[in-house]
Amino acid sequence: SGNFREGFEGCEQYDLLLRCIEQTRKIKHIPKILYHRRVYFKTPDDQLTLKIQQKTITALKNHVHRMGFDADVLSYRHHYHFSYRIKMIKPSKNFFQYVIKNSKLNPQECLFIDDKQKNVEAAQKLGMFGIIFLNVSQLKTELKNFGIKT
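The structure presented is a predicted model; accordingly, all values stated were derived computationally and were not measured.

**Q** I would appreciate a short explanation of the pairing of strand 1 (residues 111-114) in the present structure.
**A** One face of the sheet, then the other: side chains in a regular strand alternate in exactly this way. Residues Phe-112 and Asp-114 line the buried face of strand 1, whereas the alternating positions Leu-111 and Ile-113 sit on a face that is not buried. In the sheet, strand 1 pairs with strand 2 (residues 129-132) via four bridges, with the strands oriented parallel. The residue of strand 2 that forms the bridge with Phe-112 is Gly-130. At this point the chain moves from strand 1, through helix 5 (residues 117-125), to the parallel strand 2, and the crossover so formed is right-handed.

Shown next as structure tokens:
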């Protein structure tokens with residue numbers, strides 16, 4: 001029901017969203033929460049969490065294949081940073097600093113892709129690499145410039 005696919009239980013909204021964005025380039029930011037799924041995970045090593053992570057990786061691999069990228073999903077870091085919970089939004093410097101610190105990421109090893117120039121510029125000011133997304137063809141070209149096979 002609702003175009004959810006069997007086998008993606010626990011990440012069905014993510015899978016559906018990936019399939020939807022393949023159908024249009026007219027995606028806009030909605031500035032308020034219309035739906036929130038409760039998260040019941042106990043710990044990152046919880047068996048249910050691990051199963052959902054694997055299904056999420058599969059959904060992303062399927063998306064990459066359907067988009068025609070010659071790429072692999074090599075690793076997956078499971079960090080959630082909901083702006084409404086941390087009370088920060090892009091392009092706030094505090095938002096990016098929070099994400100970097102709490103994800104234990106090195107900014108110089110991060111590539112931030114967004115369709116808003118101000119968000120990409122904010123990430124770049126903190127040492128991240130950035131790409132402004134215009135279309136799939138342009139993104140593939142820019143990813144190649146970073147040595148990323150597409």
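**Q** Where do I start with unusual backbone geometry in this structure?
**A** A negative phi angle characterises most non-glycine residues, just as the trans form characterises most peptide bonds. Going from Lys-90 to Pro-91, the amide bond is cis rather than trans, its omega being 10 degrees. Examined against the element boundaries, Pro-91 turns out to sit in the loop between helix 3 (83-86) and helix 4 (93-103).

**Q** Honestly, helix 1 (residues 12-21) in this entry has me stumped. Any pointers?
**A** Quick reminder: α-helices carry 3.6 residues per turn. Residues three or four places apart thus point the same way. Within the sequence span of helix 1, burial applies to Glu-12, Asp-15, Leu-18 and Arg-19. All buried residues of helix 1 fall inside an arc of 130 degrees around its axis, so they share one side. Each element contacted by the buried residues of helix 1 is listed here: helix 2 (47-66).

**Q** Would you explain the pattern of salt bridges in this entry?
**A** Between side chains of opposite charge, pairing is possible as soon as their charged atoms come close. The full count for this structure, using the stated rule, is five salt bridges. Note that Asp-15 is salt-bridged to Arg-19, the shortest N-O span being 3.1 Å. Taken as a pair, Asp-15 and Arg-19 lie in helix 1 at a separation of four residues, close to a single helical turn. Assigned by exposure class, Asp-15 and Arg-19 land together as buried. The partner of Lys-90 in a salt bridge is Asp-114, and the shortest N-O contact between them spans 2.9 Å. With Lys-90 in the loop between helix 3 and helix 4 and Asp-114 in strand 1, the pair connects residues that are 24 residues apart, well separated along the chain. For Asp-114, a relative accessible area of 8% gives the class buried. Three or more residues are tied together by salt bridges with common partners; here these are Arg-5, Asp-15 and Arg-19.

**Q** Where do I start with the packing of helix 1 against helix 2 in this structure?
**A** Pairs of packed helices are described in terms of their axes, by the angle between the two and the distance that separates them. Two elements in contact, helix 1 and helix 2, have axes separated by 9 Å at closest approach and are oriented at 10 degrees. As summarised for this structure, helix 1 and helix 2 are arranged roughly parallel, according to the angle between their axes. The segment helix 1 lies against helix 2, with Tyr-14, Asp-15, Leu-18, Arg-19 and Ile-21 engaging Thr-56, Ala-59, Leu-60, His-63 and Arg-66. Within the contact of helix 1 with helix 2, the residues separate by chemical class into five nonpolar, two polar and three charged.

Parameters and conventions
Residues numbered from 1 in each chain as written. Predicted model: local features only at pLDDT ≥ 70, side-chain atom pairs only at ≥ 80, totals over all residues. Heavy atoms only, no water. Buried < 20%, exposed > 50% of the residue type's maximum accessible area, 1.4 Å probe, protein only. Helix = DSSP H or I, 4+ residues; strand = E, 2+ residues; numbered from the N terminus. Pairing = 2+ DSSP bridges. Right-handed = clockwise from strand over helix to strand, strands pointing away. Arc of directions from axis to C-beta. Contact = heavy atoms within 4.5 Å. Salt bridge = Lys/Arg side-chain N within 4 Å of Asp/Glu carboxyl O. Axes fitted to C-alpha atoms, helices over the stretch in contact; angles between N-to-C directions. Parallel < 35°, antiparallel > 145°, perpendicular 65-115°, else oblique. Nonpolar A, V, L, I, M, F, W, Y, C, P; charged D, E, K, R; others polar.

Any functional reading would require information that these geometric values do not contain.
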